[in-house]
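The chain contents come next:
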Amino acid sequence: MNKTPLYNRHVALGARIIDFGGWAMPVQYTNVIEEHLTTRSAAGLFDICHMGEIDVKGKGAFDFLQHVLSRNIDGQKIGQMKLSVLATEEGGIMDDLTVYLLGENHYRLVTNASTKERDYAWLLQVKDEKGFPQVEITDETAVIGKLDLQGPRSENILQQVVPANLHSLKYYHFIETQVLNIPALVSRSGYTGEDGFEIYAPHDRIGEIWDRLLQAGVDYGLKPIGLGARDTLRLESGMMLHGNDMDETITPYEVVYGWVVNLEKDFIGRDALAKQFSEGVKRKLVGFTMWERGIARHGYKVFKDGTEVGIVTSGTHSPTLEKAIGLAFVPVELSKPGTTFDIQIRNHFAAAQVVSMPFYKKEKQYVFFNTFI
Amino acid sequence: MSKVNPTDRRYTKEHEWVIDNGDGTVTIGITDHAQELLTDIVFVELPEIGKQVKQLEAVAVVESVKSVSDVYSPVTGEVSEANQKLEKSPELINHDPYGKGWIAKLKMAQPEELQSLLDASAYEAFIAAEEH
């Protein structure tokens, strides 16, 4: 199994380690609910070194990415990041990733851990086949470490070790600065629905930053947080997980990613998506809550009037709302908020209702969710 | 940081415990080790009264935030009572797995089955071996 540079620290902190897509990662340090609530009320520090970083630079990098990404990146400024989909020819979601513009014709793609190898091979293939000889594509995953600092007190904590003024850093923007005099890239973004930062620094120095942040955060209630709470946090915030809620057989229009598709430009998967857009989708991913006892899980079947109509992709007990929540694919006619259906839980059926997303929204919005990020 | 496993009962390799109530019934639950592995129990699906189960057949379900686990009956028998307090307070299993966190009572069909189960020290040896 791959280990991040922080592995020994997790073990020393008493974390339970699991195999997450070939990586030995901490699933929890104390317990999931406690870590979840700590992130919502104070701050949490996450080891995200397993995620992928692929740099795309050189002459033609912009044109190349316009060709592979569903999102129009024209107009993106240096210091700005954007969420996008890497689509297959059929319009399926190969990956959902963030695109950082570091300098003119210099981009960094931050990918899911499990999809990085596939993404990288695909990008190299497209570069060769579609004639982008001057574009340089490099896998930086092994040399870049990544930490997420998330929660309402993140800014107070990080500001102690960063010279730049973080308060003026806007959502989905980043700065190249130093953390403890170590060169680092800091973006205001994350995967929890809270204010927070993603921090990128050299792999061999990330441990120093981890230690110092935990120390700086003591008075603010900062705790290390495992992947268990990362999953419940992202689900409460209505964020999807690739490989769980979507994959290459699912298109952006079937999930909530229609807004990252721009049919006005030419890109791989565009024609298939344009066709689907004009015809309309047949199924849709929706959020649901349950009022009966029980928890729906990935793979559970959805029924309407006794007929199987869909499938649950994510489900958990929401620590903030204290009820069962989840995501499911249902026929588009059952996707409106308020619609009810049944979920088979072992040998019984439990009623569920479609709700608008996200399940949880932080009280003091630093930014607004559905603006163009 | 496991608590001491009481010596007044027997254990399965699936991490359940069973105690003989002396009146033909047994009380069952999951072990401290099991609750520690599961953590944060947020839901318990209790068996219906009168349900017939064979030894090591699923009798209840416990769910944590992350996972779903079957609870296997340590003995063959009929469910005579279920711990209704777990409906509102599933965390009792985390806090007191050998006491208030009991799951069900069964009328034993084959009391000799108890002899085939592990005693506390054998169970502890089993956990130790499983972890290495």
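Please read these numbers as outputs of a predicted model, since none were measured by experiment. (Residues numbered from 1 in each chain as written. Chains lettered and ligands numbered in written order. Predicted model: local features only at pLDDT ≥ 70, side-chain atom pairs only at ≥ 80, totals over all residues. Heavy atoms only, no water.)

So, the overall build of chain B
Here is the rule: Here a strand is any run of E in DSSP of at least two residues, a helix any run of H or I of at least four, and the numbering for each starts at the N terminus. C-alpha atoms define the radius of gyration, and 2.2 Å times the number of residues to the power 0.38 defines the globule rule. For the exposure calls, accessible area comes from a 1.4 Å probe over protein chains only, and a residue counts as buried if that area is under 20% of its type's maximum, exposed if over 50%, partly exposed in between. The contact criterion used is simple: two residues touch if any of their non-hydrogen atoms lie within 4.5 Å. Positive charges are assigned to Lys and Arg, negative charges to Asp and Glu, while His and the chain termini are left out of the count. For charged residues, the charge sits on one atom: NZ in Lys, CZ in Arg, CG in Asp, CD in Glu.
Helix and strand counts for chain B come out as four helices and nine strands. For 132 residues, the compact-globule estimate of 2.2 N^0.38 gives 14 Å, and chain B sits close to it at 14 Å. Along the first, second and third principal axes, the C-alpha atoms of chain B reach 35 × 35 × 20 Å. For chain B, the residues scored as buried account for 52% of the 132 residues in total. Long-range contacts, defined here as pairs at least 24 residues apart, represent 62% of the contacts in chain B between residues at least 6 apart. Side chains of chain B give 12 positive and 24 negative charges; the mean places of these two sets differ by 4 Å.

Here we look at the overall build of chain A
Keep this limit in mind: For every accessible area listed, the method is Shrake-Rupley and the probe measures 1.4 Å; residues are considered covered only by the protein chains on display.
The helix and strand tally for chain A stands at eight helices and 20 strands. Taken against the 2.2 N^0.38 rule, which gives 21 Å for 373 residues, the C-alpha radius of gyration of chain A at 21 Å falls within 12% of a compact globule. Projected onto its principal axes, the C-alpha coordinates of chain A cover approximately 60 × 50 × 40 Å. Once local pairs closer than 6 in sequence are excluded, the contacts in chain A between residues at least 24 apart make up 65%. Surface summary for chain A: the accessible area is close to 15500 Å², and the carbon and sulfur share equals 50%.

Here we look at the pattern of salt bridges
Residue and element names in this part refer to chain A. Cut-off, in case you're wondering: The working definition used for a salt bridge is a side-chain nitrogen of Lys or Arg within 4 Å of a carboxyl oxygen of Asp or Glu.
Summed over the entire model, instances satisfying the criterion amount to 26 salt bridges over all chains. Ionic pairing is found between Asp211 and Arg9, a salt bridge with its closest N-O pair at 2.8 Å. Of this pair, Asp211 sits in helix H6 (residues 206-216) while Arg9 sits in helix H1 (residues 7-12), and the two are 202 residues apart along the sequence. By relative accessible area, Asp211 is classed as partly exposed at 35%. Notably, a salt bridge pairs Glu208 with Arg205, separated by 2.7 Å at the nearest N-O pair.

A look at the sheet that holds strand E4 (residues 44-47) of chain A
Residue and element names in this part refer to chain A. Where we set the bar: One requirement defines pairing of two strands: DSSP has to find at least two bridges between them.
The sheet built from six strands is open, its strands ordered E11-E12-E13-E10-E4-E14 with mixed pairing. The outermost strands of the open sheet, each flanked by one partner alone, are strand E11 (174-179) and strand E14 (223-224). Bridge count for E4 against strand E10 (residues 144-150) is four bridges, and the pairing is antiparallel. Counted as the bridge partner of Asp47 is Leu147 from E10.

Quick look at the packing of helix H3 (residues 61-68) of chain A against helix H4 (residues 116-129) of chain A
Residues and elements named next belong to chain A. Selection criterion: For helices, the axis comes from a line fit to the C-alpha atoms of the stretch in contact; other axes are also lines fit to C-alpha atoms, and the angle between any two N-to-C directions lies between 0 and 180 degrees. Roughly parallel means an angle under 35 degrees; roughly antiparallel, over 145; roughly perpendicular, 65 to 115; everything else is oblique. Should the near helix be turned anticlockwise from the far one by less than a right angle, the crossing is termed left-handed; should it be turned clockwise, right-handed. Charged residues are taken to be Asp, Glu, Lys and Arg, nonpolar residues to be Ala, Val, Leu, Ile, Met, Phe, Trp, Tyr, Cys and Pro, and polar residues to be all remaining types, Gly included.
At their nearest, the axes of H3 and H4 sit 11 Å apart, and the two run at 115 degrees to each other. The pairing of H3 with H4 is recorded here as roughly perpendicular in orientation. Two packed elements cross with a definite hand, and for H3 against H4 that hand is right-handed. Here Phe64, His67 and Val68 of H3 lie close against H4, whose contacting residues are Leu123, Val126 and Lys127. Tallied by class, residues from the contact of H3 with H4 come to four nonpolar, one polar and one charged.

Some details on the pairing of E11 of chain A
Residue and element names in this part refer to chain A. Where E11 meets strand E12 (residues 182-188), six bridges bridge the pair, whose relative direction is antiparallel. Among the inter-strand pairings, Gln178 is bridged to a residue of E12, identified as Pro183. The hairpin turn running from E11 into E12, its antiparallel successor, is two residues long, and Leu180 in that turn takes a positive phi close to 55 degrees.

Quick notes on the packing of aromatic side chains
Here is the rule we go by: Side-chain rings of Phe, Tyr and Trp, where Trp is taken by its six-membered ring, are said to pair if the distance between their centres is within 6.5 Å; with planes under 30 degrees apart they count as stacked, over 60 as edge-to-face, and otherwise as tilted.
Inspection of every chain in the model, using the stated rule, returns ten aromatic pairs over all chains. Between Tyr100 of chain A and Phe174 of chain A, the aromatic rings sit 5.1 Å apart at their centres with planes inclined by 55 degrees, giving tilted as the arrangement. With a gap of 74 residues between them, Tyr100 of chain A in strand E7 (residues 93-103) and Phe174 of chain A in strand E11 connect regions that are remote in the sequence. By the burial criterion, Tyr100 of chain A is buried, and Phe174 of chain A matches it. Plain terms: the ring middles of Trp17 of chain B and Tyr98 of chain B are 6.2 Å apart, the flat faces sit at 55 degrees to each other, and that makes the pair tilted. With Trp17 of chain B in strand E2 (residues 16-20) and Tyr98 of chain B in the loop between helix H3 (92-95) and strand E9 (104-108), the pair connects residues that are 81 residues apart, well separated along the chain. Residue Trp17 of chain B is classed as buried on the basis of its relative accessible area, which comes to 1%.

Focus: helix H4 (residues 120-131) of chain B
Inclusion rule: Take the residue count of a helix, subtract one, and multiply by 1.5 Å to get its expected span.
In this model, H4 of chain B (twelve residues) spans 17 Å end to end at C-alpha, consistent with the 16 Å of a helix rising 1.5 Å per residue. Structurally, H4 of chain B contributes buried residues whose contacts are with strand E1 (10-11) and helix H1 (32-38) of chain B.

Things to note about the domain arrangement of chain A
All names here are of chain A. Definition in use: Domain delimitation in this document rests on an assignment produced automatically or drawn from a domain database. Summed over both partners, the accessible area lost on bringing two parts together, with a 1.4 Å probe, is the buried area. Two N or O atoms form a polar contact when they lie within 3.5 Å of each other; inside protein one atom must be a possible hydrogen donor and the other a possible acceptor, and for residues adjacent in sequence the pair counts only when both atoms belong to side chains.
Along its sequence, chain A is organised into domain 1 (2-50 + 142-236), domain 2 (52-135) and domain 3 (282-373). The interface of domain 1 with domain 3 comprises 17 residues on the first partner and 17 residues on the second. Summing the contributions of domain 1 and of domain 3, the shared interface buries around 1500 Å²; its carbon and sulfur component is 68%. When residues of domain 1 are sorted by the area they lose upon contact with domain 3, Tyr171, Leu235 and Glu236 head the list and together hold 46% of the total. Joining domain 1 to domain 3, the criterion identifies zero salt bridges. Counting across the interface, domain 1 meets domain 3 through seven residue pairs in polar contact (both at pLDDT 80 or more). Among the elements of the structure, helix H2 (32-41) and helix H7 (227-236) are those that each provide at least two residues to the side of domain 1 that touches domain 3. Residues of the side of domain 1 that touches domain 3, tallied by class, amount to six nonpolar, four polar and seven charged.

As for the side chain of Thr27 of chain B
Residue and element names in this part refer to chain B. With respect to the secondary-structure elements, Thr27 resides in strand E3 (residues 25-30). Engagement of the side chain of Thr27 in a polar contact is seen with the side chain of Asn21, the distance being 3.0 Å. Discounting chain neighbours no more than four positions away, the residues touching Thr27 are Trp17, Val18, Ile19, Asn21, Trp102, Ala104 and Lys105.

Side note on the environment of Thr313 of chain A
Residue and element names in this part refer to chain A. Looking at where Thr313 falls in the secondary structure, it is placed in strand E17 (residues 307-318). Looking at Thr313, the relative accessible area reads 4%, which means it is buried. Sequence-wise, Thr313 and Phe303 are ten residues apart; in three dimensions their C-alpha atoms are separated by 14 Å.

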